[in-house]
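Each chain is listed here by its residues.
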Amino acid sequence: MEQVGLISKTSEAEDEPDEDEIKIYYASRTHSQLAQFISELRRPTFPSSMPHERAQGEDTPDTEGVKHIPLSSRQKLCINPSVSRLGSLSAINDRCAELQQSKTKDKKCKFVPNADNLKATHQFRDTALATLPDIEDMYHTGKQLQVCPYYASRTAIPGAEIITLPYPLLLQETAREALGIKLEGNVVVIDEAHNIMDAVASVYAAEIRLGELKRARQMLAGYVKRFGKKLKGENRVMVAQIAKVVESLTEWLDEALKVKGQQGIVDPNLLLKNRGADQINLYKLIKYIQESKLAYKIESYASYAEEQQSGSTTPVSSTPVLHTLVSFLNSLTNLSSEGRIFYEKLPQNTGDIKLSYLLLSPTHAFSHIAKSARAVILAGGTMSPFDDYKAHLFPYLAPEKILTMSCGHVIPASNLCVWTLASTRPGGGGAGGPDAFEFSFQKRSDKTMVRQLGLSILNVCAVVPDGVVVFFPSYGYLDEVVAVWQTLEAGKEGKTIWDRLEAKKSLFKEAKGGSSDQVLQAYSEAILGPNQAGVPAKGSPRGALLLSVVGGKMSEGINFSDRLGRCVMIVGLPYPNANSPEWKARTEYLETSTMDRLMGSAEEGPSEHASHPNRQQALATSKQAARDFYENACMRAVNQSIGRAIRHRGDYASIILVDRRFATDRIRSKLPGWIRGGIQEGSEGKGLQGLMGALNMFFKNKREAVA
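Quick caveat: nothing in here was measured; it's all calculated off a predicted structure.

## Examining the overall build of the protein
If you tally the helices and strands in the protein, you get 29 helices and 17 strands. Counting the 707 residues in the protein, one finds 48% classified as buried. A total accessible area of about 35800 Å² is found for the protein, and carbon and sulfur atoms account for 50% of it.

Spelled out as structure tokens, the structure:
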């Protein structure tokens, strides 16, 4: 805080709390999930931390609240209208930094903590630590006191016991440094941790399109034309280097458009081989762009020029393409073994192509956290299977350093009915059987099987009250299934399967890129009524059916509790596309890194008790490790979708797994323990008739229990 002129070193040292005090950093994926945690944090009361002997005779309360502070980005906390209106996070960050660097006082941001608003800053800190605020509370407190919540919140960190923050602020080392977060000796809790490996990859991911590069070149040209004579020395050299990098990337993508393949892996050394761009020091160039705020200056001028040209007084919305370029250049400087760069041609009507960077392993990126913190706790409701977290987040830790704990569900066994529907016909679910449900990529387009699936769902809807949610492997396959259901079978008359489903329940379908909120609202109203009072509209079908996608918006973060989810059906196993360049690269990386580790341990020499694998054994183990990771990615997504149904101890639901492969020991072992324990013994061999009997009995018992 000394950098923004808040306090001197002396006063800061006087207020410094005990260094031995352990803090808890609690991270989750979204602000809404953090808000839920904060609301739970407000419920308990704790005894006063004042020693009993000292508290006697003083007016000291018996209880004491938790000292908590939430952290967030400038985008959520900025109260300066001229900055917050910029919209994009990168533009807000650059403009904020530029205002602080201004040499004239009247151009500086008046809300940033300084000697003039010291009292308001201290009041903000004390209010925050005394009231268990969420992000909205922080924003309003800052606005009321006219002090920046983003910077003022840092003054509360030393006195806080629990600090909540979203994933990116914890996972990015630069963000931790900027916020003054010190993990050494403290505890890190990561909630919704089934997302953590994807979250790490997402934080380091970057992409840029050909269209963006062409726009960046235009913006650079316009800026140089206007201010070129003022650019001296290093500034002129650096702007020229940026232009070379942009032109080299543009030329590579122009050539890639002529190649037949739609996507592929890129050699990063080839991207900058044109225009002498491979001679440029990217580290130095990135540092210059960040420190000079050049991206913000160029984009601001381009926006201004477009406003003048259009004659409009409203600001022209501009995609921060130069910030996007900097993010992509950053990815080029990462360790080459950790990630890969891909190209992908976009749909024909756009005529565009993009480069994207994918982090293949979270190990190195996450190790900064794991090695600094006193303890790291990964918590989540659906984290099975565990093996990936050990192998890819903590491969360097001894087994005794990693503890795992899995709890049973809060509901009694009688509140859960899990069924494996391997076939409509009893005994017809064997491997290769003509009636077996197997939604593998090779077999899932079988129209007879798709119709049998529709009829099975129709039967389920006749028995299950209220809400039924069906999860499909992908949006493309969901569209394919719906098309079959909406078509009459050749030579048959009457209603289509789709029409029959609509007659049974109100029917809703999740669309890719569509508004999940609108679909969810309509689905809820069909079950609970327009006023959500639990009384459906007069004359409406009994409940509703929602067709959704594993890994889609409905499969995570949305609760289908009580009547909204009396049955969840999982259709098939949503394996990723193993032939995509991304998964080919992941597989190759996992096999290579596992092989290197195994053979490396063998080369260290034989020990008295250890037995090292030979090359053939190491190769087999490496391939199995890659297969396990591929399968575990699928099962984590399945488990997350299953978890949408049971949301509290009084809830009850049926879970139907529609695919014969769910009956195999390998797949079943990767389901959560509470699901495995609830599977009806031998259900995979009893067919649709057995399922109807089980569902009838299950919901009859629930009706009688309520009565």
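There is more to say, and it comes next.
## Some details on the state of the cysteines
Evaluated as defined, the whole model comprises zero disulfides. You can see Cys78 has no disulfide; the closest cysteine sulfur is in Cys148, sitting 6.4 Å from it. Summary of cysteine pairing: Cys148 is not part of a disulfide, and the nearest cysteine sulfur, belonging to Cys96, is at 6.2 Å. Assessed through its relative accessible area of 10%, Cys148 is described here as buried.

## A short note on the pattern of salt bridges
Following the criterion strictly, the structure yields 21 salt bridges and no others. Among the salt bridges present, the one from Lys258 reaches Glu255, with a minimum N-O distance of 3.3 Å. Residue Lys258 and its partner Glu255 are both found in helix H14 (residues 233-258); the two are separated by three residues, about one turn of the helix. Linked through salt bridges whose partners overlap, the residues forming this network are Arg217, Glu247, Glu251 and Arg275.

## Examining the packing of helix H13 (residues 210-227) against helix H18 (residues 321-332)
Packed helix pairs are characterised by how far apart their axes lie and by the angle those axes make with each other. In contact at an axis separation of 9 Å, H13 and H18 are set at 115 degrees when each is read in the N-to-C sense. Of the two possible hands of crossing, H13 and H18 adopt the one that is left-handed. For the pair formed by H13 and H18, the contact residues are Glu212, Leu213, Arg215, Ala216 and Met219 on the first element and Val321, Leu322, Thr324 and Leu325 on the second. Taken together, the residues of the contact of H13 with H18 sort by class into six nonpolar, one polar and two charged.

## A few points about the confidence of the model for the protein
Averaged over all residues, the pLDDT of the protein is 85; the fraction at 70 or higher stands at 89%. In the model of the protein, helix H1 (residues 9-15) stands out as the element of lowest mean pLDDT, 44, in contrast to strand E6 (residues 187-190), which has the highest, 97. Low pLDDT (under 50) marks residues 3-15, which in the prediction has 22 contacts with non-local residues, meaning those over four places away or in another chain.

## A look at a positive patch on the surface
There is a patch of like positive charges on the surface, built from Arg500, Lys504, Arg542, Lys700 and Arg703. Elements supplying a minimum of two residues to the positive patch: helix H23 (497-504) and helix H29 (687-706). Among the secondary structure elements, Lys504 is positioned in helix H23.

## Structural notes on the sheet that holds strand E10 (residues 353-359)
Taking strand neighbours across the sheet as the criterion, the four strands line up as E7-E10-E9-E8 in an open arrangement whose pairing is antiparallel. Since the sheet does not close on itself, it has two edges, and those belong to strand E7 (206-209) and strand E8 (263-266), each with one partner. Pairs of neighbouring strands in the sheet enclose a mean axial angle of 20 degrees, with direction left out of account. Relative to E10, strand E9 (residues 339-345) runs antiparallel, the two being bridged by seven bridges. Within the sheet, the bridge partner assigned to Phe342 lies in E10 and is Ser356. Here H13 sits on the sheet in contact with E7 and E10, set at roughly 70 degrees to E7. Where H18 meets the sheet, it contacts E7, E9 and E10, and its direction lies at approximately 125 degrees from that of E7.

## Structural notes on unusual backbone geometry
With a phi angle near 60 degrees, Lys293 is a residue other than glycine that sits in the positive phi range. By secondary structure assignment, the location of Lys293 is in the loop between helix H16 (282-292) and helix H17 (294-310). A relative accessible area of 13% places Lys293 in the buried class.

## Details of the packing of aromatic side chains
Scanning the entire structure with this criterion turns up 19 aromatic pairs. Ring centres 6.5 Å apart and planes at 70 degrees place the aromatic pair Tyr223 and Tyr301 in the edge-to-face group. Here the residue Tyr223 occupies a position in helix H13, and Tyr301 occupies one in helix H17, the gap between them amounting to 78 residues. Where Phe439 meets Tyr477, the ring centres are 6.3 Å apart and the plane angle is 65 degrees; that geometry is what we call edge-to-face. Of this pair, Phe439 sits in the loop between strand E12 (416-421) and helix H21 (447-463) while Tyr477 sits in helix H22 (residues 475-485), and the two are 38 residues apart along the sequence. Tyr477 matches Phe439 in its accessibility class, with the two residues each being buried. The structure contains a cluster of three or more aromatic residues connected by ring pairs, namely Phe437, Phe439, Phe472, Tyr477 and Trp485. Positioned above the aromatic ring of Trp583 is the side chain of Arg586, whose terminal nitrogen or guanidinium carbon lies 5.4 Å from the ring centre. If you follow Arg636 out to its NZ or CZ, it ends over the ring of Tyr389, 5.9 Å from the centre.

Definitions and limits used
Residues numbered from 1 in each chain as written. Predicted model: local features only at pLDDT ≥ 70, side-chain atom pairs only at ≥ 80, totals over all residues. Heavy atoms only, no water. Helix = DSSP H or I, 4+ residues; strand = E, 2+ residues; numbered from the N terminus. Buried < 20%, exposed > 50% of the residue type's maximum accessible area, 1.4 Å probe, protein only. Areas by Shrake-Rupley, 256 points an atom, 1.4 Å probe, with all protein chains shown as cover. Disulfide = S-S within 2.5 Å. Salt bridge = Lys/Arg side-chain N within 4 Å of Asp/Glu carboxyl O. Axes fitted to C-alpha atoms, helices over the stretch in contact; angles between N-to-C directions. Left-handed = near helix turned anticlockwise from the far one by under 90°. Contact = heavy atoms within 4.5 Å. Nonpolar A, V, L, I, M, F, W, Y, C, P; charged D, E, K, R; others polar. pLDDT = per-residue confidence, 0-100. Patch = residues over 30% accessible without salt bridge, like charges linked within 9 Å, V, L, I, M, F, W, Y side chains within 5 Å. Lys, Arg positive; Asp, Glu negative; His and termini not counted. Charge placed at Lys NZ, Arg CZ, Asp CG, Glu CD. Pairing = 2+ DSSP bridges. Phe/Tyr/Trp six-rings, centres within 6.5 Å; stacked < 30°, edge-to-face > 60°. Lys NZ or Arg CZ within 6 Å of the ring centre and 35° of its normal.

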